[in-house]
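Close look at the chain arrangement
Each chain is listed here by its residues.
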Amino acid sequence: MGRLAAVLGQRLVQAVTVAVVVSLLSFALVQLLPGDQALLIAQRRYGDDRVTTAAAEAVRAELGLDRPLALQLAEWIGQTVSGDLGRSLLSGAPVWEEIRDQLGATLTLAGAALGLALLLGPVFGGLAGLRPGGLADRTGMAAAAAFRAVPSFVLGLVLMVGCTVLFGWLPVGDSSDGLSLLLPALTLGLGLAATSARIARDGVVATLRSPFFAFARLKGLSRTAAILRHVPRNAAVPLIAYLAVSFAFLIEGVVVVEQIFAWPGIGHALTHAIEGRDVPMIQATALTLSLFLVLLNALTDLALLLVDPRRRG
Amino acid sequence: MTPRDLFCTIAMLLGATTALAQEPLRVVTPFEIASLEPSRGGFNFTRMEVAETLVGADDEGRAVPGLSTAWTLSDDRLTWRFTLRARAKFHDDTPVTAEIVAQCLERARSQPGPLKDAPLTEIRAVAPDVVEIATSTPFMPLPAFLAESSSQILAPSSYDETGAVRRIIGSGPYRITSLEPPLRFEVERFEGWTGGAKPAIERAIYQAVGRKETRALMAESGQADLAFTLDPAGTDRLRRAAGVAVTTKSIPRVITLKLNAHLPAFADVRVRRAVSLALDREGIASAILRSPEAAATQFFPPTMVGWHVPGLAPLRHDPAEARRLLAEAGWAPDAQGQLVKDGKPLHATLRSYAVRPELPVVAAAIQAAERDIGIDLDIAMMNSSDIPAGHRDGTLEMGLIARNFSLVPDPIGTMLADFGPHGGDWGAMGWASPQLTETLQALQETDAAQTRAALRGRVSEILQTELPVIPVAWYELRVAASKRLDGVSIDPFELSYRISRMRWAD
């Protein structure tokens, strides 16, 4: 219990520190980006054809972009502390509404990718690890290396040509159709499954070669019983840590996949916000994502405490 | 009833329901729903025929009835009266009144957009179905300005208490049933529309898909019935696909080279002509744009009827003549073949942007062509907003842009913005022609067809002779349509996707 409280306390302090640092950093970085913020916002609002210096001046006056930076930052912090993340400079909609919808879409996609990775990686990795150097091991690891090496935009287009154009199995670009989640989730999940298969395989091999596994066999357990009893739990420890980190990367790294499959997620939205210098949107997204990562780390700690009794001591 | 009978009954009912419900038309474009504000993302809703403007435009840019069925102009040419369509109503079943229309237009006038720049003095309702618009000077292109999407008419229930648009309650033949910005919305036929025959397409889905490859694959797999803005390479593959018809239409968008005539080199018309003569437009159009017809022989494409002058001597590719003109202007090659005058090399930075994927490739082709005659260009790929920014601070030397002359169906608005006495963010820089200014001013004020035709021709001639901005290629809009659709046509002014004119072939 004491260890649990310590973990949670540590993560709470981390959350506050991260919130402050991320807010300041994202604000500073946006200001350091080249280009006139008012012109970029005008371009995003009215389109390439209508962006003019007159439109930019109107935007500058409307949003008060010529006010001192310190004042703009102070206003944003004041608003945020009071629970108001402001409005998007581009769409005019409340930032929280946009983030809520987009984060939900990204979490759905990342969760589905993670689910696929969990379904494929540990199973194939575990099977490969049971016979190191065998046919399943060599084939599986070669496939894992290939899936890991292919960039997601190539894999995404190949899957789309195969599953959508040639065979017509799966839809794309229709976020209201549950099936359209499968292709982007596969694109993300296959790469993740490849690495998790490798980690699971190494975990299984290490457990099979461990003294406690040998002892279990010596005390009379059959190989199957010893594997079932000792391998999953021991191989899971590095896998949980890896998948937690991967989930974080998934959420941050779905930009390309969201673009290819027209998935309305946060990566896609963040790209547009950065291009259009939508400061409230960038700050709030960065803040939400970093706090989410802190939460994810806390959950990982808790999961590891649950799985690995050595950490409770 | 036995279980078997029950099963058969349910199956029959399900079958009947499926047969009755017509499948939706799926429209895929690269344009996201960035905002519901008419001046920002409003074009999505007019193109999908959810919201209407007072006036529309035919394929030649002539004003045609929209929410207004007729209009008149006073004898002094300063007051317009627009009569609203009888029994027109919004999708919430409230009537469209002149009062509401006037409020919407006033709102449009207060936001960045074409109406803001028009010389309007007053907009008011003079009868329940008549809106009066007064101008300070005769302004003939007003109907065309009213066809632009930021002038769309929305019901009062579209706005929240702060005046921001929260829903799109229009008066068009389709109404929104589901809105999921930034990528998607669904519409269904509005049975209360009084603007014409009942559309055959009952439901449609609008989906923004940023990647051109994805749009092409969706069209090829049948998951998009209409896919807009395809790239040349993608359409080659689509043309071989069964079930898809690819249509290409020239639109009033021109790839141009914007030159800073404040710079001594580009202030000389001979140098500007040399820059133009160095360009192998046919090569660029064939190899990069995959359409030899896209090579610009003059400023305006043939689709801009009246502005395109068939008899005008075409822009040529003649590097030898370019070298002669440069020599005449005092530019001589140094030992490395680079042109120099008064010890200064003929060098410029060509800014462009990659939002339009063909521009970087065209920029590279231009760089090679100009190097061939001794002009040294560096290419800087930037954001499109760096073009007006560079115009404003004077740092832009050369810009490669894709200029849209159909922001309003009559390009006079864009021409005035680009070629006024002080140039324009996307037009001339450091160059002005009193003759052109006068011609454009006269065009604004005259409504005599013959005079207008002559004035438009004059504008084209001046631009062809002076080349303050050098046309490179005319744009083509590529659309893939399912062969299951009948009645597909492309609006060159991109005001509408015209889904109300389509029907399922089967």
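Residues numbered from 1 in each chain as written. Chains lettered and ligands numbered in written order. Predicted model: local features only at pLDDT ≥ 70, side-chain atom pairs only at ≥ 80, totals over all residues. Heavy atoms only, no water.

Going by an unreviewed UniProt entry, chain B carries the name ABC transporter substrate-binding protein and comes from Xaviernesmea rhizosphaerae. Regarding chain B, the relevant UniProt record gives this comment under Subcellular location (unreviewed entry): "Periplasm". (UniProt positions renumbered as here; feature names shortened; annotations may be inferred.)

You'll find chain A entered in an unreviewed UniProt entry as ABC transporter permease, with Xaviernesmea rhizosphaerae given as the organism. The UniProt entry for chain A carries the following comment under Subcellular location (unreviewed entry): "Cell membrane". The heading Sequence similarities (unreviewed entry) in the UniProt record of chain A holds the text "Belongs to the binding-protein-dependent transport system permease family."

Once that is clear, we can look at the overall build of chain B. When you go through chain B residue by residue, the secondary structure sums to 17 helices and 21 strands. A compact globule built from 506 residues would reach a C-alpha radius of gyration of about 23 Å, and chain B, at 25 Å, matches this within 12%. Intrachain contacts of chain B at a sequence separation of at least 6 include 69% that bridge at least 24 residues. As presented, chain B carries roughly 20,000 Å² of accessible surface, and 54% of it is formed by carbon and sulfur atoms. In chain B, which carries 54 positive and 62 negative side-chain charges, the distance between the mean positions of the two groups comes to 3 Å. (Helix = DSSP H or I, 4+ residues; strand = E, 2+ residues; numbered from the N terminus. Rg over C-alpha atoms; globule rule 2.2 N^0.38 Å. Contact = heavy atoms within 4.5 Å. Areas by Shrake-Rupley, 256 points an atom, 1.4 Å probe, with all protein chains shown as cover. Lys, Arg positive; Asp, Glu negative; His and termini not counted. Charge placed at Lys NZ, Arg CZ, Asp CG, Glu CD.)

All names here are of chain B. As enumerated under the stated definition, the model contains three cavities of 30 Å³ or more in all. Lining the largest cavity are Phe 31, Arg 47, Phe 228, Thr 229, Leu 477, Ser 489, Ile 490, Asp 491, Glu 494, Ser 496 and Tyr 497. Residues that form the lining of the largest cavity fall into these classes: five nonpolar, three polar and three charged. Approximately 70 Å³ is the volume attributed to the second largest cavity. Together, Glu 37, Pro 38, Ser 39, Cys 104, Arg 107, Ala 108, Gln 111, Ser 150, Gln 152 and Tyr 159 line the second largest cavity. Going through the elements one at a time, α2 (38–41) and α4 (98–110) are the ones with two or more residues in the lining of the second largest cavity. (1 Å grid on protein atoms, 1.4 Å probe; cavity = no way out; pocket = protein on both sides within 12 Å on 5 of 7 lines; lining within 4 Å. Points joined across faces, edges and corners; volume = space filled by probe spheres on them. Nonpolar A, V, L, I, M, F, W, Y, C, P; charged D, E, K, R; others polar.)

Moving on, we come to the sheet that holds strand β11 (residues 226–227) of chain B. Two modes of strand pairing occur in sheets, parallel and antiparallel, and in both the strands are linked by backbone hydrogen bonds. Residue and element names in this part refer to chain B. Spatial ordering of the open sheet is given by β8-β9-β10-β1-β11-β19-β12-β18-β16-β17, a layout of 10 strands whose pairing is mixed. The open sheet has two edge strands, β8 (174–180) and β17 (376–382), and neither has a second partner. Two elements, strand β16 (residues 347–353) and β17, share seven bridges in a ladder whose sense is parallel. Of the residues in β17, the one forming a bridge with Ser 352 is Met 381. Strands β12 (244–259), β18 (398–404) and β19 (469–482) of the sheet are contacted by helix α10 (residues 269–277), whose axis makes an angle of about 35° with β19. (Pairing = 2+ DSSP bridges. Axes fitted to C-alpha atoms, helices over the stretch in contact; angles between N-to-C directions.)

Contact with chain B, which involves 39 residues of that partner, is made by 41 residues of chain A. Together, the buried faces of chain B and chain A total about 3,400 Å²; carbon and sulfur atoms form 52% of this surface. Interface area lost by chain B to chain A is led by Arg 40, Leu 217 and Arg 392 of chain B, which between them contribute 18%. Along the contact surface separating chain B from chain A lie four salt bridges. Connecting chain B to chain A are 15 residue pairs in polar contact (both at pLDDT 80 or more). Mapped onto the side of chain B that touches chain A, the elements with two or more residues apiece are α2, β10 (203–208), α7 (212–220), α14 (386–393) and β18 of chain B. A per-class count over the side of chain B that touches chain A returns 14 nonpolar, 11 polar and 14 charged. (Buried area = accessible area lost by both parts, 1.4 Å probe. Salt bridge = Lys/Arg side-chain N within 4 Å of Asp/Glu carboxyl O. Polar contact = N/O pair within 3.5 Å; in protein donor to acceptor, adjacent residues only side chain to side chain.)

Right, let's talk about the UniProt feature "transmembrane region" (unreviewed entry) in chain A for a bit. Residue and element names in this part refer to chain A. What UniProt calls "transmembrane region" (unreviewed entry) maps, in this numbering, to residues 12–33, 107–130, 142–169, 181–200, 239–261 and 281–307. Taken end to end, residues 12–33 is 95% helix and 0% strand, and its two terminal C-alpha atoms sit 31 Å from one another. What you have in residues 281–307 is 100% helix and 0% strand, and the ends, taken at the C-alpha atoms, are 38 Å apart.

This brings us to the layout of surface pockets. Considering only enclosed or pocket space, the second largest pocket measures out at about 770 Å³ in volume. Lining the second largest pocket are 34 residues, and of these Thr 52 of chain A together with Gly 113, Asp 117, Gly 413 and Ala 417 of chain B lie nearest its centre. Elements with a contribution of two residues or more to the lining of the second largest pocket: α3 (53–63) of chain A together with α5 (114–117) and α15 (412–418) of chain B. Counting residues per element, the lining of the second largest pocket draws most heavily on α15 of chain B, which supplies five residues. By residue class, the composition of the lining of the second largest pocket is 16 nonpolar, 11 polar and seven charged.

Residue and element names in this part refer to chain B. Segmenting chain B into domains produces domain 1 (35–172) and domain 2 (252–475). Tallying the contact residues gives 15 residues for domain 1 and 14 residues for domain 2. Around 1,100 Å² of area is buried between domain 1 and domain 2 when both sides are counted, 65% of it from carbon and sulfur atoms. The interface formed by domain 1 and domain 2 includes zero salt bridges. (Domains from an automatic or database assignment.)

To continue, consider the UniProt feature "domain: Solute-binding protein family" (unreviewed entry) in chain B. Per the UniProt entry, the sites bearing "domain: Solute-binding protein family" (unreviewed entry) are residues 64–416 of chain B in this numbering. A distance of 23 Å separates the end C-alpha atoms of residues 64–416 of chain B, which is 28% helix and 26% strand.

For the rest of this paragraph, the subject is the packing of helix α1 (residues 2–32) of chain A against helix α13 (residues 279–307) of chain A. When two helices pack together, their arrangement is given by the angle between their axes and by how far apart the axes lie. Residue and element names in this part refer to chain A. Two elements in contact, α1 and α13, have axes separated by 9 Å at closest approach and are oriented at 160°. Taken as axis vectors, α1 and α13 run roughly antiparallel relative to one another. Two packed elements cross with a definite hand, and for α1 against α13 that hand is right-handed. Grouping the amino acids of the contact of α1 with α13 by side-chain chemistry returns 18 nonpolar, seven polar and three charged. (Parallel < 35°, antiparallel > 145°, perpendicular 65-115°, else oblique. Left-handed = near helix turned anticlockwise from the far one by under 90°.)

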